[in-house]
Amino acid sequence: MTNKLDQLKTMTTVVADTGDIDAIAQWRPEDATTNPSLLLKAAASDAYRPMLEKAVAMARKQGGSDAEQLTLATDMLAVLAGQEILSLIPGVVSTEVDARLSFDTEATLKRARRLIELYDQQGVDTSRVLIKIASTWEGIRAAEILEQEGIRCNLTLLFSFVQAAACAQAGAFLISPFVGRILDWHIANSGRDHFPAAEDPGVLSVARIYNYYKANGFSTVVMGASFRNIGEIEMLAGCDRLTISPALLQELKDDNGKLEQQLSATSASSTDGFGILDEKRFRWESNEDAMATEKLADGIRRFTSDQIELENRVRQLANKAA
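Below or above, wherever it landed, is the structure these notes cover. If you're wondering where the values come from, they're calculated on a predicted model, not measured in any experiment. (Residues numbered from 1 in each chain as written. Predicted model: local features only at pLDDT ≥ 70, side-chain atom pairs only at ≥ 80, totals over all residues. Heavy atoms only, no water.)

This part takes up the overall build of the protein. Counting secondary structure elements, the protein contains 14 helices and eight strands. For a compact globule of 322 residues, the expected C-alpha radius of gyration is about 20 Å, and the protein comes in at 19 Å, within 12% of that figure. Based on the C-alpha atoms only, the size of the protein along its principal axes is roughly 60 × 50 × 40 Å. For the protein, with 322 residues in total, the buried portion stands at 56%. Contacts in the protein between residues at least 24 apart in sequence constitute 68% of all its contacts with a sequence separation of at least 6. (Helix = DSSP H or I, 4+ residues; strand = E, 2+ residues; numbered from the N terminus. Rg over C-alpha atoms; globule rule 2.2 N^0.38 Å. Buried < 20%, exposed > 50% of the residue type's maximum accessible area, 1.4 Å probe, protein only. Contact = heavy atoms within 4.5 Å.)

To continue, consider the pairing of strand 3 (residues 93–96). Covered by surrounding structure in strand 3 are Val93 and Thr95 together with Ser94 and Glu96, the residues of both alternating faces. With two bridges joining them, strand 2 (residues 31–33) and strand 3 adopt parallel strand pairing. Looking across to strand 3, one finds that threonine 33 is bridged to serine 94. Note: strand 3 against strand 4 (residues 129–134), four bridges, orientation parallel. When the bridges of strand 4 are listed, glutamate 96 appears paired with lysine 132. Once you follow strand 3 into helix 6 (residues 105–121) and on to strand 4, the crossover reads as right-handed. (Pairing = 2+ DSSP bridges. Right-handed = clockwise from strand over helix to strand, strands pointing away.)

Closest axis-to-axis distance for the helix 4 (residues 49–62)/helix 5 (residues 66–86) pair is 8 Å, and the angle between their directions is 135 degrees. The orientation of helix 4 with respect to helix 5, classified from their angle, is oblique. Here helix 4 and helix 5 pass one another in a crossing that is right-handed. Judged by residue contacts, Met51, Leu52, Lys54, Ala55, Val56, Met58, Ala59, Arg60 and Gln62 of helix 4 engage Gln69, Leu72, Ala73, Met76, Leu77, Leu80, Ala81 and Glu84 from helix 5. (Axes fitted to C-alpha atoms, helices over the stretch in contact; angles between N-to-C directions. Parallel < 35°, antiparallel > 145°, perpendicular 65-115°, else oblique. Left-handed = near helix turned anticlockwise from the far one by under 90°.)

Turning to the packing of helix 9 (residues 179–190) against helix 10 (residues 201–216), a few remarks are in order. Following both chains from N to C, one finds helix 9 and helix 10 inclined at 135 degrees, their axes separated by 7 Å at the closest point. Comparing their axes, helix 10 and helix 9 come out oblique. The handedness of the crossing between helix 9 and helix 10 is right-handed. Residues Val179, Ile182, Leu183 and His186 of helix 9 form the contact with helix 10, whose participating residues are Pro201, Gly202, Val203, Ser205 and Val206.

Enumeration according to the criterion identifies zero disulfides in this entry. This cysteine, cysteine 167, is not joined by any disulfide, and cysteine 153 carries the nearest cysteine sulfur, 9.8 Å off. For the unlinked cysteine cysteine 239, the closest cysteine sulfur is that of cysteine 167, found at 14 Å. (Disulfide = S-S within 2.5 Å.)

Spatially, the eight strands close up into a barrel ordered 1-2-3-4-5-6-7-8, and their pairing is parallel. Going across the sheet, the axis of each strand differs from the next one's by a mean of 30 degrees, ignoring polarity. Where helix 12 (residues 246–254) meets the sheet, it contacts strand 1 (13–17) and strand 8 (241–244), and its direction lies at approximately 110 degrees from that of strand 8.

Distances and angles like these do not, on their own, reveal function.
Below is the structure:
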C-alpha cells in the first residue's frame, strides 16, 4: 500500500501551501500558493535575501516617491519569489494582490495587471500565474474583468456558499475555500472543542460547493485550503485541488493507511438552486452568515498586518542600502 500522499495525488492535484523555497523543492507539488503571511515568514530565510535586495534595487531604479518604491518593491519580491517557485514546479503559482485593496475594484485591477506585467518583464510565462484576490464583491468583480482579459484568478478568503456561487458566475478560474478557519470559528462559537472530520463544518462547506459546481456544470476549480489536520484532507479526497502545508504533507506521507475517494464529479449532486446574484443579494446573504462575515474581515486584517510587516522589512533593507 502506498502512503496517503501518493494515493491523494491519484485523485486530487496537490498544491504546496508555502512560500518556503526549500520546502517546495523537497515536496515538488504540482502548484504552489503564496500570501503575505507566507512571504513574510519566508523572507526571514537566507534563500530570500537576494530576492529582497534585487526587489529593492529594481524599485529604486524605477523611481517615484518612497511610498511608491516600497509598494513596487514588495510586489517585485512576490514576483521574484513566484518566478523561483515556478522553476521548481510544473504547474502554476498564485500571487496575491494587497489585501488593503479588497474593497476597491479599480485598484485591484491596476495592481493585478502590474503583477502580471512584472512577471512578463522577468520572462515568466504569465499563463502559469494566478492572481489571488479576496472574495469580496469588489474583488469578484475585478476577477470577472481580469478573466475576460486572459488573466486567471484565484479567489481567496472564501468562507461562504454565496461567495462561491458569485465566483462561479463571474467565471473565476479557481476558488480557495478555507476549511480550517471555518472550523476555528465553529469551535470558538459552538461550545464544542472538537468535530469529527465527517462533521467538520469546513469540510462540509467545501463538499457542498464542489457538488454544486459539478452538478451545475461550472468550470471554476475548487481548491480546499487552510487545513488544521489530515482528517479534513482525507474527507475532501477527490476535490479538484487541495493546498496543503509542508507539515501536513509529511503526515500524509508517513501514513500508509488506505485513502478513500470522497468527492467525484461523476457522482456529484446538489439541491442548491441559486439564480444570478446581484450586489444586493450577495451582501444580504453574506450579512446573514456571521461566520463568513467575521472570518473574511479577520482574514483581510491578518493579511494586511503581515503585508505591512513585510513592507517594514523591505524598508529597513532599503534604508541600509541607501
